[in-house]
Amino acid sequence: MISSHVGPRHRPRQASKGLQAHHQSIIDPRRQYPQLITLTTLSVHLAREKSSRHQVQLNPTNTTMTAQSKAGQAAAPNDQRPAKQSSVKNAYLLAYNALSAALWLGVLVQTVTIGGQEIKNAQKAGAFFGSDDWVTATKRGLASGKVYDNLEVYTRMVQSLAGMEVLHSLFGIVRAPLLTTLMQVSSRFLLVHLIASPAAFPASTRHSPAYSTMLLAWSVTEVIRYSYFVFSLSGVGVPALWTWLRYNTFLVLYPLGIASECWLVYTAIPLAKQWNEGAAYALWGILAIYVPGSYVLFTHMLAQRRKIARQARVV
């Protein structure tokens, strides 16, 4: 009795479930063709991966540009980028750096042109007298005084403009450390306004090859540095080559410039003693602080160089 009563009621439900399963198998191909769906999904994933790889190949400079943009954020001595973003401040610093780069390029071109011509003349004279080796000709050519005669006033004016950088750092216009900026600018002011000045010790400077090597080191350094900031401030990005020059050429140019400066100060001491013995002692004192001061500047640049290298490796 129980079985005959339950059976008729449940048969329609079983039939209904069977029809539903059959209907789902018809309208849902995932159950009927599971292998086909798996292959289709795999093909879609492969197509997406290929597309993403193609996009990376079309933009190979993204990683490099990111590294360069991070590298450009490191502060360095006389960093002329603004401490805070401002359109007026940015425009002023862009104009200042562009002008300074152009002026120092003038120093570089004239130093190389005039100095090179004097070396050639010395070589010709040496060949006539049988002493035409390159070292002797270079020393004699750079000692002719022509570089000093043509560039002393111009270099003094160009370097005087760099006094603005102390004010930039002092008032927070740029991110450059005040101490390192003051040390570098003051040491150069000593050279152009005292040691090499016609009113002070021109006799020890005019015919010294160290004056030409000093101008060469200064001008190459400043053309690279100011143009580096022009690239950065203009928003076009600093080229990788310029970043390399900025953080590698100082390894040669700083020692060359510092050695030339020290030699010019040293050779001016006897003349200073004739004028005033106290002035001679003052120059000796300046030489005494030149070494630690130069060490501070040089190690600061080394630290910045390591920072740039680390950022490039991380990116």
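Definitions and limits used
Residues numbered from 1 in each chain as written. Predicted model: local features only at pLDDT ≥ 70, side-chain atom pairs only at ≥ 80, totals over all residues. Heavy atoms only, no water. UniProt positions renumbered as here; feature names shortened; annotations may be inferred. Axes fitted to C-alpha atoms, helices over the stretch in contact; angles between N-to-C directions. Helix = DSSP H or I, 4+ residues; strand = E, 2+ residues; numbered from the N terminus. Parallel < 35°, antiparallel > 145°, perpendicular 65-115°, else oblique. Left-handed = near helix turned anticlockwise from the far one by under 90°. Contact = heavy atoms within 4.5 Å. Nonpolar A, V, L, I, M, F, W, Y, C, P; charged D, E, K, R; others polar.

If you look the chain up in an unreviewed UniProt entry, it shows as Very-long-chain (3R)-3-hydroxyacyl-CoA dehydratase from Pyrenophora seminiperda CCB06. The chain has a UniProt comment under Sequence similarities (unreviewed entry) that states "Belongs to the very long-chain fatty acids dehydratase HACD family." As stated in UniProt under Catalytic activity (unreviewed entry), the record for the chain gives "a very-long-chain (3R)-3-hydroxyacyl-CoA = a very-long-chain (2E)-enoyl-CoA + H2O".

Novice: Where do I start with the packing of helix 7 (residues 146-161) against helix 11 (residues 209-234) in this structure?
Specialist: Interhelical geometry of helix 7 versus helix 11 gives an angle of 40° and a closest axis separation of 11 Å. With respect to each other, helix 7 and helix 11 are oriented oblique. In this structure, helix 7 meets helix 11 at a crossing whose hand is left-handed. Packed against helix 7, whose contacting residues are Val147, Tyr148, Leu151, Glu152, Thr155 and Gln159, the element helix 11 presents Tyr211, Ser212, Leu215 and Trp218 at the interface.

Novice: Explanation requested: the packing of helix 9 (residues 178-195) against helix 13 (residues 250-275) in the structure shown.
Specialist: A pair of packed helices is characterised by two quantities: the angle between their axes and the separation of those axes. Between helix 9 and helix 13, whose axes approach to 11 Å, the crossing angle comes to 40°. One finds that helix 9 runs oblique with respect to helix 13. Between helix 9 and helix 13 the crossing geometry is left-handed. Two secondary-structure elements touch here, helix 9 through Gln184, Ser187, Leu190, Leu191 and Ile195 and helix 13 through Tyr254, Glu261, Leu264, Val265 and Ala268. Taken together, the residues of the contact of helix 9 with helix 13 sort by class into seven nonpolar, two polar and one charged.

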